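Structural characterization, general
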Amino acid sequence: MKLTINTDGGARGNPGPAGIGVVIRDESGKVVEKFGKYLGDDFTNNQAEYQAVIDAMRAAKKIGGTILEFHMDSELCVRQLNHIYKVKEPQLQQLFLEVKNLQTAFEKVIFTHIPREENRAADKLVNEAIDKAI
C-alpha cells in the first residue's frame, strides 16, 4: 500500500521548545492518520524534522504501508536523506541512521521537497503541539 506522508518539525528558539506534525494519506488521498507531538524544550528545527520522519515511519508500518512518499518543506533534510548532502552534525547523524534503519522495512521510500505553503496541515499540528505544551 502506498502512503503519502507530509511531515514537519519545528523549534521555537532553535534550540528551544519543539514539536512535530504528521499527516498520512492513502492512495485515494484520504487522511488515514494525523498527529502532532511535543518533543521537549531543547531541540533544533532539524532534529524535529528528523523525528517527524521517524514517528511517521513507525505509524506507516502499523497502517501497513509498503511504499512511502514523504513530502517535506525542509530542503536540508530531504537532501541529506537523498544522499545529496552529508550529515555532519553528530545528533543529526544518529537520527539519520535511525531513519535509514526504519527505511529497510519498506519496499520503497521517497523523500520530496515541497514549498512550505503545501505543508500547512503538518505545520499546524507542530504549532498546536508546542502551544499545548508551553
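Okay, so let's go over this structure. (Residues numbered from 1 in each chain as written. Predicted model: local features only at pLDDT ≥ 70, side-chain atom pairs only at ≥ 80, totals over all residues. Heavy atoms only, no water.)

Brief notes about the nonpolar core
General note: in soluble globular proteins, nonpolar side chains tend to be found buried as a group. Ranked by size, the top nonpolar core spans 32 residues in total, and within it Ile5, Tyr50, Met57, Leu68, Phe70 and Phe111 carry the most contacts. Counting only elements with at least two residues in this core, the list comes to strand E1 (2-11), strand E2 (16-25), strand E3 (31-43), helix H1 (45-63), strand E4 (67-72), helix H2 (75-81), helix H3 (90-103) and strand E5 (108-113). The element best represented in this core is H1, accounting for nine residues. The residues contacting Tyr50, other than those within four sequence positions of it, are Cys77, Gln80, Leu81, Val87, Leu92, Leu95, Phe96 and Val99. (Core = buried A, V, L, I, M, F, W, Y, C linked by side-chain atoms within 4.5 Å. Buried < 20%, exposed > 50% of the residue type's maximum accessible area, 1.4 Å probe, protein only. Helix = DSSP H or I, 4+ residues; strand = E, 2+ residues; numbered from the N terminus. Contact = heavy atoms within 4.5 Å.)

Examining the sheet that holds E1
What the five strands build is an open sheet, ordered E3-E2-E1-E4-E5; its pairing is mixed. Because the sheet does not close on itself, it has two edges, and the strands there are E3 and E5. Sheet twist, expressed as the average angle between the axes of neighbouring strands with direction ignored, equals 20°. Taken together, the six bridges between E1 and E4 define a ladder with parallel strand orientation. (Pairing = 2+ DSSP bridges. Axes fitted to C-alpha atoms, helices over the stretch in contact; angles between N-to-C directions.)

Let's talk about H1
Taking 1.5 Å as the rise per residue, H1 with 19 residues should run 27 Å; its terminal C-alpha atoms sit 27 Å apart, in good agreement. Directly after H1, the chain includes Gly64, whose backbone phi takes a positive value near 105°. (Expected span 1.5 Å × (residues − 1).)

Let's talk about the pairing of E3
Alignment of E2 against E3, held across nine bridges, turns out to be antiparallel. In the sheet register, Val23 faces E3, and the bridge partner there is Lys34. Taking the residues that link successive antiparallel strands as the turn, the E2-E3 hairpin has five residues, and the phi of Gly29 there is positive, at about 95°.

Focus on the pattern of salt bridges
Applying the stated criterion to the full structure yields seven salt bridges. Salt-bridge contacts for Asp131 lead to Arg12; the nearest nitrogen and oxygen are separated by 2.8 Å. Of the two residues, Asp131 sits in helix H4 (residues 120-133) while Arg12 sits in the loop between E1 and E2, which places them 119 residues apart along the sequence. Residue class for Asp131 comes out partly exposed when judged on its relative accessible area of 46%. (Salt bridge = Lys/Arg side-chain N within 4 Å of Asp/Glu carboxyl O.)

Observations concerning the environment of Glu118
Turning to its location among the elements, Glu118 is positioned in the loop between E5 and H4. Between the C-alpha atom of Glu118 and that of Leu39, which follows or precedes it by 79 residues, the distance is 23 Å.

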